[in-house]
Amino acid sequence: MRDSSGYKEYVAGLLAGVATVGTGHPFDTVKVKMQMHNTVEHGITYRNGLHCTVRILRTEGIKGLYRGATSSFMGVAFESSLLFGMYSQMKQSLQGNVQSAVPQPQIIIPSAAFGGAMISFILCPSELVKCRMQVQGTDSLVPISSRYAGPLDCALKTVKEDGVRGIFRGGFTTFLREATGNAVFFTVYEYVRYHMHLQLKSASSDHKNLIDVGVGIVSGGLGGIAFWSAVLPLDVAKTIIQTSADKNSTRNPFQILSSIYKMAGLKGCYTGLGPTIVRAFPANAAAIVSWEIAIKLLGIQRE
């Protein structure tokens with residue numbers, strides 16, 4: 001059972017977001033570059049995630065894998081704070097006085113979908129900047145004269161050229177991805193966490209903290225894999241929408257996915273699956289472990 005903890009839930013979520021970016025951003029850079037290069041009919045095509053990673057390291061070094069990390073740290077930390085905070089508080093609200101240790105999908109799904117939908121409005125601008133920074137590095141098709149000096153330069157030029165609407169390019173697709181993906185993520189996380197604790201409840205209390213970390217790693221990691229397995233096609237469409245140089249190109253994710261499917265089949269719709277899944281487990285495991293540790297340190301009680 002949770003107590004009414006107000007801001008503490010949001011602080012714990014903030015720490016989870018920082019852990020997510022620190023662990024997962026290099027994998028995300030590889031994913032974005034593969035989505036951009038392997039779904040168009042020109043430019044270099046990467047054989048796999050390793051091929052892409054090696055090319056980035058050879059030409060730019062480790063800093064190339066952290067392109068766009070500044071905007072990502074700010075965006076993901078903030079949105080993670082809101083996501084975990086809103087999820088926790090809406091879950092409390094829907095449960096009311098009826099507290100149950102058993103996961104309840106009728107409470108988890110709307111709570112997570114609502115949190116995901118709300119954060120999409122913050123996540124969209126930060127991801128647009130992140131993606132545009134990521135694609136202008138190694139093997140970029142972006143002319144040197146059109147490249148951005150940094151995240152702030154990217155944001156300001158986007159607003160100047162396309163207006164405020166431009167910085168929210170891909171907003172509908174981000175909304176769909178976050179609402180759907182987080183409903184899947186928290187459902188898997190809550191069920192795996194519950195059943196693992198059920199199996200391990202007889203374990204020695206001397207190892208409780210270690211067990212909690214282990215459960216957090218597995219439940220968070222599997223939740224992350226489930227998230228991306230469910231919504232990666234939407235993410236592919238979002239990357240194309242946000243990085244397209246053509247202002248008049250479609251922003252309808254389903255039209256884009258239909259075009260990709262005709263050109264490259266289902267595999268094309270899941271471009272970047274390798275680095276995404278490799279990233280999903282450690283990044284989300286780090287997020288959940290950080291969140292749960294922060295909850296304990298802040299004195300928030302859980303069932």
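Residues numbered from 1 in each chain as written. Predicted model: local features only at pLDDT ≥ 70, side-chain atom pairs only at ≥ 80, totals over all residues. Heavy atoms only, no water.

The name an unreviewed UniProt entry assigns to the protein is Putative mitochondrial carrier domain-containing protein, from the organism Rosa chinensis. For the record of the protein, the UniProt heading Subcellular location (unreviewed entry) holds the text "Mitochondrion inner membrane". (UniProt positions renumbered as here; feature names shortened; annotations may be inferred.)

(A) Inspection of the overall build of the protein at higher detail. In terms of helices and strands, the protein carries 10 helices and zero strands. Written out in order from the N terminus, the α and β elements of the protein read α-α-α-α-α-α-α-α-α-α. Taking the principal axes of its C-alpha atoms as reference, the protein extends roughly 60 × 35 × 35 Å. Classification of the 303 residues of the protein by burial places 50% in the buried group. In the protein, 81% of the contacts between residues at least 6 apart in sequence involve partners at least 24 apart. Summed over its atoms, the accessible surface of the protein is roughly 13,800 Å², and 64% of this surface lies on carbon and sulfur atoms. Put simply, the protein has 29 plus and 19 minus side-chain charges, and the middle of one group is 5 Å from the middle of the other. (Helix = DSSP H or I, 4+ residues; strand = E, 2+ residues; numbered from the N terminus. Buried < 20%, exposed > 50% of the residue type's maximum accessible area, 1.4 Å probe, protein only. Contact = heavy atoms within 4.5 Å. Areas by Shrake-Rupley, 256 points an atom, 1.4 Å probe, with all protein chains shown as cover. Lys, Arg positive; Asp, Glu negative; His and termini not counted. Charge placed at Lys NZ, Arg CZ, Asp CG, Glu CD.)

(B) Geometry of empty space enclosed by the protein. Counted according to the given criterion, the structure contains two cavities of 30 Å³ or more. Approximately 460 Å³ is the volume found for the largest cavity. As for the largest cavity, its lining consists of 35 residues, of which T20, V76, E79, W228 and R279 are closest to the centre. For the lining of the largest cavity, the secondary-structure elements that each account for two or more residues are α1 (7-37), α4 (69-95), α5 (105-135), α7 (171-200), α8 (208-243) and α10 (273-297). With nine residues, the top contributor of residues to the lining of the largest cavity is α1. Here the lining of the largest cavity is built from residues that sort into 15 nonpolar, 10 polar and 10 charged. (1 Å grid on protein atoms, 1.4 Å probe; cavity = no way out; pocket = protein on both sides within 12 Å on 5 of 7 lines; lining within 4 Å. Points joined across faces, edges and corners; volume = space filled by probe spheres on them. Nonpolar A, V, L, I, M, F, W, Y, C, P; charged D, E, K, R; others polar.)

(C) Geometry of the UniProt feature "repeat: Solcar" (unreviewed entry) in the protein. Taking the UniProt record as the reference, the feature "repeat: Solcar" (unreviewed entry) is found at residues 4-93, 103-195 and 211-297. Counted over residues 211-297, helix gives 86% and strand 0%. Its end C-alpha atoms are 17 Å apart.

(D) How the structure looks around the packing of α1 against α8. Close contact between α1 and α8 brings their axes to 9 Å; oriented N to C, the two are set at 65°. With respect to their mutual orientation, α1 and α8 come out roughly perpendicular. Helix-helix and strand crossings are classified by hand; for α1 and α8 the assignment is right-handed. Each of K31, V32, Q35 and M36 in α1 lies in contact with α8, whose residues at this interface are W228, L232, D235, V236, T239, I240 and T243. (Axes fitted to C-alpha atoms, helices over the stretch in contact; angles between N-to-C directions. Parallel < 35°, antiparallel > 145°, perpendicular 65-115°, else oblique. Left-handed = near helix turned anticlockwise from the far one by under 90°.)

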